[in-house]
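The chain contents come next:
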Protein chains: 2
Amino acid sequence: MAVKEKYEFSDKIAGLKPSAVREILKSTSDPEVISLAAGNPAPDAFPVESISKIAGDIFREDPISALQYGITEGYAPLRDELKTYLKNKYSMGADSDELIVTSGATQIMELLTKVLCNEGDCVVCEDPSFIGSLNCFRSYGVKLCGVHMESDGLDVEELEKMLSSNCRKVKFIYTIPNFQNPTGYTMSLEKRKQLYELASKYDIIILEDNPYGDLRVSGEDLPTIKSFDTEGRVVYAGTFSKLIAPGIRVGYVLGPAALVSKMTVGKQTEDVHTAMFNQMLVYRWMKENDINEHIRRMKSIYREKLNVMCDALDEYCPKLEYVKPEGGMFVWCRLPDGINMIDFCKTAAAHKVAVVPGTAFLPDETASTQYIRLNFSTPTNEDMVKGIKILGELLS
Amino acid sequence: MAVKEKYEFSDKIAGLKPSAVREILKSTSDPEVISLAAGNPAPDAFPVESISKIAGDIFREDPISALQYGITEGYAPLRDELKTYLKNKYSMGADSDELIVTSGATQIMELLTKVLCNEGDCVVCEDPSFIGSLNCFRSYGVKLCGVHMESDGLDVEELEKMLSSNCRKVKFIYTIPNFQNPTGYTMSLEKRKQLYELASKYDIIILEDNPYGDLRVSGEDLPTIKSFDTEGRVVYAGTFSKLIAPGIRVGYVLGPAALVSKMTVGKQTEDVHTAMFNQMLVYRWMKENDINEHIRRMKSIYREKLNVMCDALDEYCPKLEYVKPEGGMFVWCRLPDGINMIDFCKTAAAHKVAVVPGTAFLPDETASTQYIRLNFSTPTNEDMVKGIKILGELLS
């Protein structure tokens, strides 16, 4: 028999495309390309010195724990430390909640979908939203119902209309309330409360994803939606990808124990447990460092980079409309009418500047948009200004 | 609204139980319990010193690569190194094959099921087989079709009968040819060839899982099934869990590029990529160490432990029947007729010896068996003898 050329894929996966952003990133390995397309945290903010010290300590003091199998729920000292941290910082975590460690936060979106959704069920998400999460939902044959994003969070009226007409098939509502990816928008306190009330009224679970919460560079912190949760309906996704570093792949989920224990069964079949060294590293880092001091340092790096980007946009790209975010890693820019967004991205790439076409973030893959996403955390300040200058020249 | 008490789970997950083995292990955290129930590699075999040195080197020489996001396919130098290693060691890997790094080997079983199987499809597996993999398959609503294990590998005639009657719904055949978990049995060369021929005849994919291949303590190495693969139908699952250590969670899959690239899309939605530090650690460890010398050292540890277990079984438990394996980590023991296997396991636990009831490994969860699984890699030699003595007393 000759070499097989065709494989018959499952229905849920057959149509799933690789993340457009990650595909773009692969093409930007050309060192001449200025990438405003990434979603990487600023490497200057990584606490390299303390991590390096702790790595040495772990392999000297407790190597077997770092190398042997662990339980699926995660390293017990880290779980305890996190529960206390979240309680103190956000007033989150009821007696009926549980917390497990995950291999990054993406695994949380994946596991919640796996345990709750049958093919054909609906997940409500912000429109636009983070492509990585949208692809998690899609990978289980779930239908995405997008609710339009406004600069103070999703359109609550549209959400209610959707839930009242359709709520039996909606399994959960996915939201990134702080400095959302891709828009950078933050949900107002009022909308957080309204969202929780609607979820309660229609008896729906909320998946609150908060990867960027520590990256606020102006304005006041707002309470998490999980902190309102008296009914066991909010699943909170946290991560160390921005606070420490993404390459270690450590996240955590805090949610109703019954749900989290099903997610644990799911995780057992995915990767058994998150790597032990990585969990121990995070635990010791939390214990040995002044986290608030680290966050202050991180914020000053991000504040400067955000200002550099917005100043450059104002100077060189006056035709791009955007709402300056109060934190996070992204600026969501609207191209003038009459410019074809996809063509613009291609032209920019040809001029060695990579940006992400806004279509990548739309729940409806056939829809169109005038927006592009720019990232300010990864490029150097110099490259950022240079890249934005080039975009400005293309626009005029 | 009151606290929710019931959550509506997806059909595929609602019935999935946590791994019985891992549940037993949690209960053995009592330090007085002698556990013959684990599946942990011998910690004496972990190359602690070289890993510790390399960890220091990585954080000193290339910390940002270890901490920043990476691509889903894996760390390029590790992928190249592995392709060469597998080519030289096993003559595996055609031009039409691809290799990606995974977060342990379990993720490979999970991803292949995700990309190939719709709910209701069948996966053929050995009966009994590794519960972790069976639960991966079950977590996608797949029907398991077990083929009886013989001491030289699965019953090929039974397999052909099954495929000829049922093959349109069979998506792949799952096998652990070397020192299988739980039986310790190894598939003969003749059966490996027959299995490949049958898969070819019925145009079915083989998932070859080889976690224990390096742990052969007697007899001659046999070629992998993947090494026969001229048609792009074998997916090979490899891992560093036994060669280096399981806590680092690094595995790899070598298979037809079209299949592996779909698995990459699936992996992107699960954990984005395997932790970078962990991949770099494995890469440098492979480059800087004499792997064959390490394997020789590992084998001598496992050889001794296997002999201790079998000698103790012969001396204290003459009523337990078993086939002495040529490697791996497990001995599969048959209780005399008339003894209730589950009751025996419970009595042993009450006497502070943990063993795994054979039912945990049956594809048909309603079936019964007289077998129990004993592990010789994790306990100390002293504990092993003590535990087996207690089992012997309970048997007589």
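Keep in mind it's a predicted model, so treat the numbers as computed, not measured. (Residues numbered from 1 in each chain as written. Chains lettered and ligands numbered in written order. Predicted model: local features only at pLDDT ≥ 70, side-chain atom pairs only at ≥ 80, totals over all residues. Heavy atoms only, no water.)

Q: Can you break down the confidence of the model for chain A residue by residue, with the values?
A: The predicted model of chain A has a mean per-residue pLDDT of 95, with 97% of residues at 70 or higher. Scored by ipTM, the complex comes to 0.95, with pTM at 0.96. (pLDDT = per-residue confidence, 0-100.)

Q: Tell me about the sheet that holds strand β12 (residues 356-357) of chain A, residues and numbers included.
A: Residue and element names in this part refer to chain A. One open sheet accounts for three strands, arranged β10-β13-β12; its pairing is antiparallel. Whereas interior strands pair on both sides, the edge strands pair on one side only; in this sheet they are β10 (330-334) and β12. Strand direction decides the pairing type here: β12 and strand β13 (residues 371-375), joined by two bridges, are antiparallel. Considered in β13, the bridge of valine 356 is made with arginine 373. Here helix α12 (residues 291-316) sits on the sheet in contact with β10 and β13, set at roughly 15° to β10. (Pairing = 2+ DSSP bridges. Helix = DSSP H or I, 4+ residues; strand = E, 2+ residues; numbered from the N terminus. Contact = heavy atoms within 4.5 Å. Axes fitted to C-alpha atoms, helices over the stretch in contact; angles between N-to-C directions.)

Q: So what's going on with a negative patch on the surface? Which residues, and what values?
A: Together, A:Glu8, A:Asp11, A:Glu119, B:Glu8, B:Asp11 and B:Glu119 make up a region of like negative charge exposed at the surface. Judged by relative accessible area, which is 55%, B:Asp11 ranks as exposed. (Patch = residues over 30% accessible without salt bridge, like charges linked within 9 Å, V, L, I, M, F, W, Y side chains within 5 Å. Areas by Shrake-Rupley, 256 points an atom, 1.4 Å probe, with all protein chains shown as cover. Salt bridge = Lys/Arg side-chain N within 4 Å of Asp/Glu carboxyl O. Lys, Arg positive; Asp, Glu negative; His and termini not counted. Charge placed at Lys NZ, Arg CZ, Asp CG, Glu CD. Buried < 20%, exposed > 50% of the residue type's maximum accessible area, 1.4 Å probe, protein only.)

Q: For the packing of aromatic side chains, give the residues involved together with the corresponding values.
A: This structure, assessed with the given rule, holds 20 aromatic pairs over all chains. Between the aromatic rings of A:Phe137 and A:Tyr174, the centroid separation amounts to 5.2 Å while the plane-to-plane angle is 75°, which identifies the pairing as edge-to-face. Here A:Phe137 is found in helix α7 (residues 131-138), whereas its partner A:Tyr174 is found in strand β6 (residues 170-175), with 37 residues between them in sequence. Given a relative accessible area of 0%, A:Phe137 falls into the buried group. The exposure class of A:Tyr174 is buried, given its relative accessible area of 0%. Between B:Tyr212 and B:Phe330, the aromatic rings sit 6.1 Å apart at their centres with planes inclined by 90°, giving edge-to-face as the arrangement. (Phe/Tyr/Trp six-rings, centres within 6.5 Å; stacked < 30°, edge-to-face > 60°.)

Q: Lay out the domain arrangement of chain A with the relevant residues and their values.
A: All names here are of chain A. Split by domain assignment, chain A resolves into domain 1 (15-46 + 292-395) and domain 2 (49-288). Using C-alpha coordinates to define each centre, domain 1 is positioned 24 Å away from domain 2. When domain 1 packs against domain 2, close to 2,800 Å² is buried across both sides, 65% of that on carbon and sulfur atoms. A salt bridge links glutamate 326 to arginine 216, with the nearest nitrogen and oxygen atoms 2.6 Å apart. Taken together, the elements giving at least two residues each to the side of domain 1 that touches domain 2 come down to α2 (20-27), α12, β10 and β13. Broken down by element, the side of domain 1 that touches domain 2 gets its largest block of residues, seven residues, from α12. (Domains from an automatic or database assignment. Buried area = accessible area lost by both parts, 1.4 Å probe.)

Q: Quick rundown of the interface of chain B and chain A? Include the residues and the values.
A: If you look at the interface, chain B gives 83 residues, while chain A gives 83 residues. Taking both sides of the interface into account, the surface hidden between chain B and chain A amounts to around 7,300 Å²; carbon and sulfur atoms contribute 58%. Across the contact surface, chain B and chain A share two salt bridges. For B:Glu110, the salt bridge identified is with A:Lys114, shortest N-O distance 2.8 Å. Along the contact surface separating chain B from chain A lie 34 residue pairs in polar contact (both at pLDDT 80 or more). (Polar contact = N/O pair within 3.5 Å; in protein donor to acceptor, adjacent residues only side chain to side chain.)

Q: Quick rundown of the sheet that holds β6(A)? Include the residues and the values.
A: All names here are of chain A. The eight strands are arranged β2-β9-β8-β7-β6-β3-β4-β5 in an open sheet whose pairing can be described as mixed. Two strands bound the open sheet, and with one partner strand each, they are β2 (97-102) and β5 (153-154). Sheet topology note: the strand β3 (residues 122-127)/strand β4 (residues 143-150) ladder contains six bridges and is parallel. Looking at the pairing, valine 123 lines up with leucine 144 of β4.

Q: Explain the environment of B:Val282 to me, using residue names and the numbers behind them.
A: Residues and elements named next belong to chain B. Among the structural elements, valine 282 can be located in helix α11 (residues 276-288). Valine 282 gets classed as buried once you look at its relative accessible area, which sits at 0%. Distance from valine 282 to serine 133, taken between C-alpha atoms, is 24 Å for residues 149 residues apart in sequence. Setting aside residues up to four positions removed in sequence, valine 282 forms contacts with Leu78, Phe240, Ile244, Ile248 and Val250.

Q: I'd love a proper account of the pattern of salt bridges, names of residues and values included.
A: Residues and elements named next belong to chain B. This model, assessed by the stated rule, comprises 47 salt bridges over all chains. The residue glutamate 288 makes a salt bridge to lysine 53 at a minimum N-O spacing of 3.4 Å. In this pair, glutamate 288 sits in helix α11 while lysine 53 sits in helix α3 (residues 48-61), placing the two residues 235 residues apart along the sequence. In this structure lysine 53 comes out as partly exposed when scored by relative accessible area, which is 48%. With a closest N to O distance of 2.8 Å, glutamate 160 and lysine 201 form a salt bridge. Here lysine 201 lies in helix α9 (residues 189-201) and glutamate 160 lies in helix α8 (residues 156-166), a separation of 41 residues in the sequence. Taking relative accessible area as the criterion, lysine 201 reaches 55% and is therefore assigned exposed.

Q: Before we move on, could you go through the relation of the copies chain B and chain A and cite the residues and values that matter?
A: Between the two copies, chain B and chain A, the superposition gives an RMSD of 0.0 Å; the rotation angle is 180° and the shift along the axis is 0.0 Å. The transformation relating the two chain copies, once decomposed into turn and shift, fits a two-fold axis. Using C-alpha coordinates, one finds that chain B approaches the rotation axis most closely at B:Gly56, a distance of 3.1 Å. With an isologous cut-off of 70% or more, the 100% of interface residues of chain B that recur at the interface of chain A puts this contact in the isologous class. (Least-squares fit on C-alpha atoms with pLDDT ≥ 70 in both.)

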